[in-house]
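Breakdown of the fold
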Amino acid sequence: MLAAREFTGTIRLIDIGECDVLSGCMLELGPVFMFNVATQQHYSKMVKVAAVEGGEDATEAVEDSIKTVNYMIAVCRDQTMLDPTAAWTVLELVEHVTGDYI
């Protein structure tokens, strides 16, 4: 018997915890800052399983969890833009899920 599976999920931001400036330096691009941000996020995952052969009804499974997620963000100031509030661009963003929040 074959079964078709469909996965859907949502992520919602619950809380932003610590926000630390890790380092700052001056490069050819301009000033570069690195931030570390700790968050708690709600992960909701739904799996729908429908039988292709055999005529069985579809079943659903839902997994909910709250996870602690750390972000490392590197930003750089664009020297060509004159507006200081809009001149920052994200160079790199790294997400690390550390585990379930208890």
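In this report, the structure presented in the accompanying data block is examined.

1. Re the overall build of the protein
When its secondary structure is counted, the protein shows zero helices and four strands. Overall, the protein shows an N-to-C arrangement of helices and strands of β-β-β-β. Considering the protein as a whole, with its 102 residues, one finds that 18% of them fall into the buried category. Restricting to contacts in the protein with at least 6 residues of sequence separation, those with at least 24 account for 62%. Of the roughly 7,600 Å² of accessible surface on the protein, a fraction of 57% belongs to carbon and sulfur atoms.

2. What about the nonpolar core?
Among the nonpolar cores identified, the biggest contains six residues, and these are V37, Y43, V69, Y71, I73 and V75. Looking at this core, the elements with two or more residues in it are β2 (30-51) and β3 (59-77). Tallying contributions element by element places β3 first for this core, with four residues. When near neighbours in sequence (up to four residues on either side) are disregarded, Y71 contacts F35, N36, V37, T39, Q41, L93, V94 and E95.

3. Some remarks on the side chain of T39
With respect to the element layout, T39 can be found in strand β2. When its relative accessible area of 3% is taken as the criterion, T39 is described as buried.

Quick notes on the rules
- Residues numbered from 1 in each chain as written.
- Predicted model: local features only at pLDDT ≥ 70, side-chain atom pairs only at ≥ 80, totals over all residues.
- Heavy atoms only, no water.
- Helix = DSSP H or I, 4+ residues; strand = E, 2+ residues; numbered from the N terminus.
- Buried < 20%, exposed > 50% of the residue type's maximum accessible area, 1.4 Å probe, protein only.
- Contact = heavy atoms within 4.5 Å.
- Areas by Shrake-Rupley, 256 points an atom, 1.4 Å probe, with all protein chains shown as cover.
- Core = buried A, V, L, I, M, F, W, Y, C linked by side-chain atoms within 4.5 Å.

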